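Examination of the molecular architecture
Listed below are the residues making up each chain.
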Amino acid sequence: MFNNSYKRLETSMNTPNQRANSLEEHWMPFTSNRDYKDNPRLMVKAEGVYYTDHNGNKLIDASSGLFCNPAGHSRKEIKEAVANQLEQLDYVQPFQQGFEGSFELARKISKHTPEDLNRIFFTICGSSAVETAIKTAIAYFKAKGEGHRSHIVGRERGYHGMNIGGISVGGMVANRKTFSNILMPNVHHLRHTHLPENVFVKGEPETGAYLAEDLERIAANIGPENIAACIVEPVAGSTGTLVPPKGYLKKLREICDKHGILLIFDEVITGWGRMGEPFASQAFNVTPDILTMAKAITNGVMPLGAVASREKIYDTILESSPTGAIEFFHGYTYSAIPVSMAAGLAMQNIIEKENLFERSKKMSPYFLDALFSLKDIDGIADIRGYGMMGGIDIKVDERPGKAGYSCFKKLFEAGLSLKATGDCLIVAPPFVCEEHHIDEIIEKLRTGITNYFKTK
Ligand SMILES: Cc1ncc(COP(=O)(O)O)c(C=O)c1O
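Residues numbered from 1 in each chain as written. Predicted model: local features only at pLDDT ≥ 70, side-chain atom pairs only at ≥ 80, totals over all residues.

1. Observations concerning the packing of helix H15 (residues 402–413) against helix H16 (residues 435–455)
Contact geometry of H15 with H16 gives a least axis separation of 8 Å together with a crossing angle of 130 degrees. Between H15 and H16, the interaxial angle falls into the category oblique. Of the two elements, H15 crosses H16, and the hand of that crossing is right-handed. Contacts from Ser406, Cys407, Lys410 and Leu411 in H15 reach Lys444, Leu445, Gly448, Ile449, Asn451 and Tyr452 in H16. The class makeup of the residues in the contact of H15 with H16 is five nonpolar, three polar and two charged. (Axes fitted to C-alpha atoms, helices over the stretch in contact; angles between N-to-C directions. Helix = DSSP H or I, 4+ residues; strand = E, 2+ residues; numbered from the N terminus. Parallel < 35°, antiparallel > 145°, perpendicular 65-115°, else oblique. Left-handed = near helix turned anticlockwise from the far one by under 90°. Contact = placed C-beta atoms within 7 Å. Nonpolar A, V, L, I, M, F, W, Y, C, P; charged D, E, K, R; others polar.)

Following this line, the structure appears as structure tokens:
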């Protein structure tokens, strides 16, 4: 495609021969490829809380990349750790071999996970962490002699990544409908937790805990002894920060305990400080049995996911196999690879040195107040938020998603980068933001959203 925007792209390249001279070959993920390629948004640099695009414009990062970079971009400590690791040991197969870094990182992670979720399985990303969590639950019950527990309960408007397990237990219609004939069997969904009376509620809504009783109804319907696990995001992230009603998660925990069902928290977004504590589990004082994480674990710099399981789960699976046999037939070529471990360890040091969780918790009230100040803009249908994450719903225009995408483009023009899902704009600033950065994000949100409504 040789259009104007492409030419603009070419002239901005300082070494054109070494760079892409066509946008056609890369089939971009979760992107309107045709529209994008007519008017590309290419980032060429990231530093601190700012990106620079190929036209030289500076954009503030209002969503920490894709909820990945709470420590800001271009962290020297991580770059050096990865470079040093590459010098020393670039790759080792993770099956029946290993290297010290993975044990060190697992130990450090286990210091932050709640209670005895101290057994850490490394994956490649959030999606592979979710598949691993589901398989761990199934393997645990098989090992325990309860192989009849094969049903999994997810929730509407849940996002658990893009693999078959994840889209089966997830509840985002667009992600599921093309693949509806190949989804996992024995999956049920709780209702989502966003009630009409809870629009423009900051933090946990007062009403709605009763929605957790859906799990009791599903259990009554199929037999609680047949359910292996219930998986939820403590705060649904990708569908726009759906904060659980007060008491909801606690009630889910109680129902799981009553029936021997494992509770899985998918903390791929909420983990590593986004809710003001290491994990949402601690922020809401509810401990799952299995917890997934990814993204911020390496400050987004290297692909890495992890699954933390209770010690009894690990012990049961290990003890069900003869000594010398592989106990869990699961793993990836890139599980616990040296470069990801190096980035993860460097991130652990940053978290500790810079009190990142504390920073997130301290900045949250300022951020949420600022976000809710946008309430006066006509055309905003709802604002929600908790910790350092918030969602703004733009009123639907013609068809779902049109307003959100148009707004996203106006925000980009106004110098702001964020994640839009459907008609929801998701704001999740890096924790290293100062108050003036939050002010800049809010000002640009106001400009971009207002411009969208003026020109639509
Ligand atoms: C809660 C949750 N689970 C899983 C995933 C999938 O992670 P990944 O894109 O790294 O596979 C995401 C991604 O946003 C997520 O938000």
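Next comes the rest of the write-up.
2. Some points on unusual backbone geometry
With a phi angle near 65 degrees, Phe67 is a residue other than glycine that sits in the positive phi range. Tracing the backbone through its elements, the reader meets Phe67 in helix H3 (residues 64–67). Residue classification places Phe67 among the buried residues on the basis of 25 C-beta atoms within 10 Å. For Glu115, which is not a glycine, the phi torsion comes out positive at approximately 40 degrees. Along the chain, Glu115 turns up in the loop between helix H5 (100–112) and strand E4 (119–123). Its 12 C-beta neighbours within 10 Å are what place Glu115 among the exposed residues. (Buried ≥ 20, exposed ≤ 12 C-beta atoms within 10 Å, placed from the backbone.)

3. Details of the site of the ligand
Neighbouring the ligand are 14 residues; Cys125, Gly126, Ser127, Gly161 and Val268 lie closest to it. When residues of the shell around the ligand are assigned to their parent elements, the largest contribution, three residues, is made by helix H6 (residues 126–143). Along the lines of polarity and charge, the residues of the shell around the ligand split into six nonpolar, six polar and two charged. (Near = placed C-beta within 6 Å.)

4. So, the sheet that holds strand E14 (residues 419–421)
Strand order in the open sheet made by the four strands is E11-E12-E15-E14, with antiparallel pairing throughout. At either end of the open sheet lies a strand with only one pairing partner, and these are strand E11 (380–386) and E14. Pairwise comparison of adjacent strand axes, ignoring direction, gives a mean angle of 20 degrees for this sheet. Here E11 runs beside strand E12 (residues 389–394); their pairing, made up of six bridges, is antiparallel. (Pairing = 2+ DSSP bridges.)

5. Concerning the domain arrangement of the protein
Looking at the protein, the domain boundaries give domain 1 (76–353) and domain 2 (355–400 + 411–456). The distance between the C-alpha centroids of domain 1 and domain 2 comes to 27 Å. Between domain 1 and domain 2, the contact holds 22 residues from the first and 24 residues from the second. Classifying every residue of the side of domain 1 that touches domain 2 by side-chain character gives 11 nonpolar, eight polar and three charged. (Domains from an automatic or database assignment.)

6. Observations concerning helix H9 (residues 214–222)
By the burial criterion, the buried members of H9 are Asp214, Leu215, Ile218 and Ala219. Looking straight down H9, one finds that the buried residues subtend no more than 140 degrees of arc, so they occupy a single side. Facing away from the buried side of H9 by over 90 degrees, the exposed positions are Arg217, Ala220 and Asn221. Looking at the packing, one finds that the buried side of H9 touches strand E5 (151–155), strand E6 (187–190), strand E7 (227–232) and helix H10 (248–259). Downstream of H9 by a residue or two, Gly223 has a phi angle that is positive, lying close to 95 degrees. (Arc of directions from axis to C-beta.)

7. Observations regarding the environment of Asn175
Tracing the sequence through the fold places Asn175 in helix H8 (residues 173–177). In this structure Asn175 comes out as partly exposed when scored by C-beta crowding, with 17 C-beta atoms within 10 Å. Sequence spacing of Asn175 and Val199 is 24 residues, and the spatial spacing of their C-alpha atoms is 25 Å. When neighbours within four sequence positions are excluded, Asn175 is seen to be in contact with Ile167 and Gly170.

8. With respect to the environment of Ala81
Tracing the backbone through its elements, the reader meets Ala81 in helix H4 (residues 76–88). What makes Ala81 buried here is the crowd of 24 C-beta atoms within 10 Å. Considered as a pair, Ala81 and Ile120 are 39 residues apart in the sequence and their alpha carbons are 21 Å apart.

9. Here we look at the pairing of E7
Across the six residues of E7, six count as buried, placing the element largely inside the fold. Examined bridge by bridge, E5 and E7 share three bridges and lie parallel to one another. Bridging across to E7, Ile152 finds its partner in Ala229. Pairing of E7 with strand E8 (residues 262–266) involves four bridges; the strand directions are parallel. By the bridge assignment for E8, Val232 is matched with Phe265. Regarding topology, H10 serves as the crossover connection from E7 to the parallel E8, and that connection is right-handed. (Right-handed = clockwise from strand over helix to strand, strands pointing away.)

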